[in-house]
Amino acid sequence: MSVNELKERHMEATDTLNSLRQQLHQKRLLLLDTDVADYAKSQGKTAVTFGPTDLVCCRTLQGHCGKVYSLDWTPEKNRIVSASQDGRLIVWNSLTSQKTHAIKLPCAWVMTCAFSPSGQSVACGGLDSVCSIFNLNTPTDKDGNVPVSKMLSGHKGYVSSCQYVPDEDTHLITSSGDQTCILWDVTTGLRTSVFGGEFQSGHTGDVLSVSINGSNSRMFISGSCDTTARLWDSRVASRAVRTFHGHEGDVNSVKFFPDGNRFGTGSDDGSSRLFDIRTGHQLQVYNQRHADNDIPPVTSIAFSISGRLLFAGYANGDCYVWDTLLAKMVLNLGSLHNSHEGRISCLGLSADGSALCTGSWDTNLKIWAFGGHRTVI
């Protein structure tokens with residue numbers, strides 16, 4: 001068979017594949033006869049009653065000298081780690097606002113940080129394309145710095161996100177601008193699996209975020225500049241389990257829903273969305289119309305413990321609290337007293353769901369506590 005004949009057969013097969021994909025897309029659209037909000041309304045559900053006094057800023061964590069890019073809570077809820085453009089990781093006591101560690105980083109351009117499940121170590125990564133691990137129990141050197149205990153090298157682009165596998169200090173997953181995600185063995189410093197890259201089912205743009213399923217730690221979601229989110233099984237690195245379409249801009253943040261069967265996304269297109277990993281369907285879109293038609297990008301998202309609330313941070317400094325069931329915005333933290341004065345770059349909920357922490361380009365972090373009769377939603 002000649003080269004031209006092979007090219008023709010390849011083109012025919014590609015056309016057939018695209019046609020089948022389109023048919024499948026149309027079949028799925030026919031099945032989407034409603035969304036979460038419309039179904040909830042038909043069942044007589046009522047919106048969450050939420051006022052400004054139900055969520056108040058109880059602490060402002062001041063100490064960074066540059067934009068805050070990332071934060072993470074420990075499982076025991078009373079410590080937070082933050083990463084800033086000032087080239088430092090700071091570990092905070094969230095109850096007292098005191099700093100327990102201020103770690104000078106090998107590379108100042110840090111983009112992500114995460115606590116290990118035990119809370120004994122922190123990981124971070126950024127433009128140096130390396131994920132650095134620090135053991136918080138390690139004695140400081142002569143200059144008072146915590147030395148790097150492990151450097152995970154293997155990405156060919158910046159490290160955009162990292163998360164430890166639940167209940168394991170020995171494994172974590174990173175995402176990168178090289179269009180891949182990597183599962184690492186922290187003990188050896190070696191790559192266990194690479195997701196994407198040369199594989200056709202991988203991302204075609206920078207991967208910006210990852211979220212591991214709390215109910216099944218073998219499954220994780222990634223969000224990318226290619227406007228898609230993809231579901232992966234860590235046991236099968238050769239292909240994504242499913243690809244989720246719908247966004248029209250970079251997917252900056254992904255987060256699993258508490259039940260593990262769904263996940264949320266936040267995008268440059270100004271919307272957050274809810275997807276079902278079992279059917280591949282988009283269940284709901286959360287977006288707010290602005291009078292000037294200027295829709296700010298969503299930078300970070302998190303769900304409440306029950307999943308009834310979705311917290312979304314925006315590039316203009318707003319932080320919306322969404323009722324996930326009725327797709328209704330019930331509170332904007334950006335309009336409250338003592339709110340941030342810059343872009344909300346990251347946010348996260350404490351393990352027990354009693355407090356929200358937001359980080360901003362204004363160099364500060366703020367802890368928002370549920371007041372009144374509310375403790376956990």
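No experiment lies behind these values; they were computed from the predicted model shown. (Residues numbered from 1 in each chain as written. Predicted model: local features only at pLDDT ≥ 70, side-chain atom pairs only at ≥ 80, totals over all residues. Heavy atoms only, no water.)

K.L.:
So what about the overall build of the chain? Which residues, and what values?
P.N.:
The helix and strand tally for the chain stands at two helices and 28 strands. Its C-alpha atoms give the chain a radius of gyration of 21 Å, within 12% of the compact-globule value 21 Å for 377 residues. Dimensions of the chain along its principal axes, counting C-alpha atoms only, are 70 × 55 × 35 Å. By residue count, 51% of the 377 residues in the chain fall in the buried class. Of all intrachain contacts in the chain linking residues separated by at least 6 positions in sequence, the fraction that spans at least 24 positions is 48%. Within the structure as shown, the chain displays about 17,100 Å² of accessible surface, and the carbon and sulfur contribution to it stands at 49%. (Helix = DSSP H or I, 4+ residues; strand = E, 2+ residues; numbered from the N terminus. Rg over C-alpha atoms; globule rule 2.2 N^0.38 Å. Buried < 20%, exposed > 50% of the residue type's maximum accessible area, 1.4 Å probe, protein only. Contact = heavy atoms within 4.5 Å. Areas by Shrake-Rupley, 256 points an atom, 1.4 Å probe, with all protein chains shown as cover.)

K.L.:
I'd like a description of the pairing of strand β27 (residues 355-360), backed by residues and values.
P.N.:
Across the six residues of β27, six count as buried, placing the element largely inside the fold. Burial along β27 is two-sided: Ala355, Cys357 and Gly359 and Leu356, Thr358 and Ser360, pointing in opposite directions, are all buried. Pairing geometry for strand β26 (residues 344-349) and β27, over five bridges, is antiparallel. Directly across from Leu349, in β27, lies its bridge partner Leu356. Between β26 and the antiparallel strand that follows it, β27, lie five residues; Gly353 among them carries a positive phi value of about 80°. Inspection of the sheet shows β27 paired to strand β28 (residues 365-370) by five bridges, in the antiparallel sense. Residue pairing for β28: Thr358 is matched across the bridge by Lys366. Between β27 and β28, which pair antiparallel and follow one another directly, the connecting turn spans four residues, one of which, Thr363, has a positive phi of 80°. (Pairing = 2+ DSSP bridges.)

K.L.:
Break down the sheet that holds strand β7 (residues 121-126) for me, with residues and values.
P.N.:
Whether parallel or antiparallel, the strands of a sheet pair through hydrogen bonds between backbone atoms. Taken in spatial order, the four strands make up an open sheet running β6-β7-β8-β9, and their pairing is antiparallel. What marks the edges here is a single partner per strand, and that holds for β6 (110-115) and β9 (150-153). Each adjacent strand pair in this sheet contributes to an overall mean axis angle of 20°, direction not counted. (Axes fitted to C-alpha atoms, helices over the stretch in contact; angles between N-to-C directions.)

K.L.:
Describe the sheet that holds strand β17 (residues 242-244), with residues and values.
P.N.:
Across the sheet, four strands lie side by side as β14-β15-β16-β17; this open sheet has antiparallel pairing. Single-partner strands in this sheet number two, and they are β14 (207-212) and β17. For this sheet, the mean angle separating the axes of adjacent strands, direction not counted, is 20°. Pairing of β14 with strand β15 (residues 219-224) involves five bridges; the strand directions are antiparallel.

K.L.:
Describe the packing of aromatic side chains, with residues and values.
P.N.:
Evaluation of the coordinates by the stated rule reveals 13 aromatic pairs. When the ring of Phe195 is compared with that of Phe220, the centres are 5.0 Å apart and the planes differ by 80°; the resulting orientation is edge-to-face. Of the two residues, Phe195 is situated in strand β13 (residues 190-196) and Phe220 in strand β15; the sequence distance between them amounts to 25 residues. Among the residues examined, Phe220 registers a relative accessible area of 0% and is labelled buried. A ring pair is formed by Phe311 and Phe370, whose centres lie 6.4 Å apart and whose planes are at 55°; its orientation type is tilted. With Phe311 in strand β23 (residues 309-314) and Phe370 in strand β28, the pair connects residues that are 59 residues apart, well separated along the chain. Under the relative-accessibility criterion, Phe311 is labelled buried at 0%. By way of ring pairs, the aromatic residues Phe244, Phe256, Phe263 and Phe275 are connected into one cluster. Across from the ring centre of Trp361, 3.9 Å away, lies the NZ or CZ of Lys67, which sits over that ring. (Phe/Tyr/Trp six-rings, centres within 6.5 Å; stacked < 30°, edge-to-face > 60°. Lys NZ or Arg CZ within 6 Å of the ring centre and 35° of its normal.)

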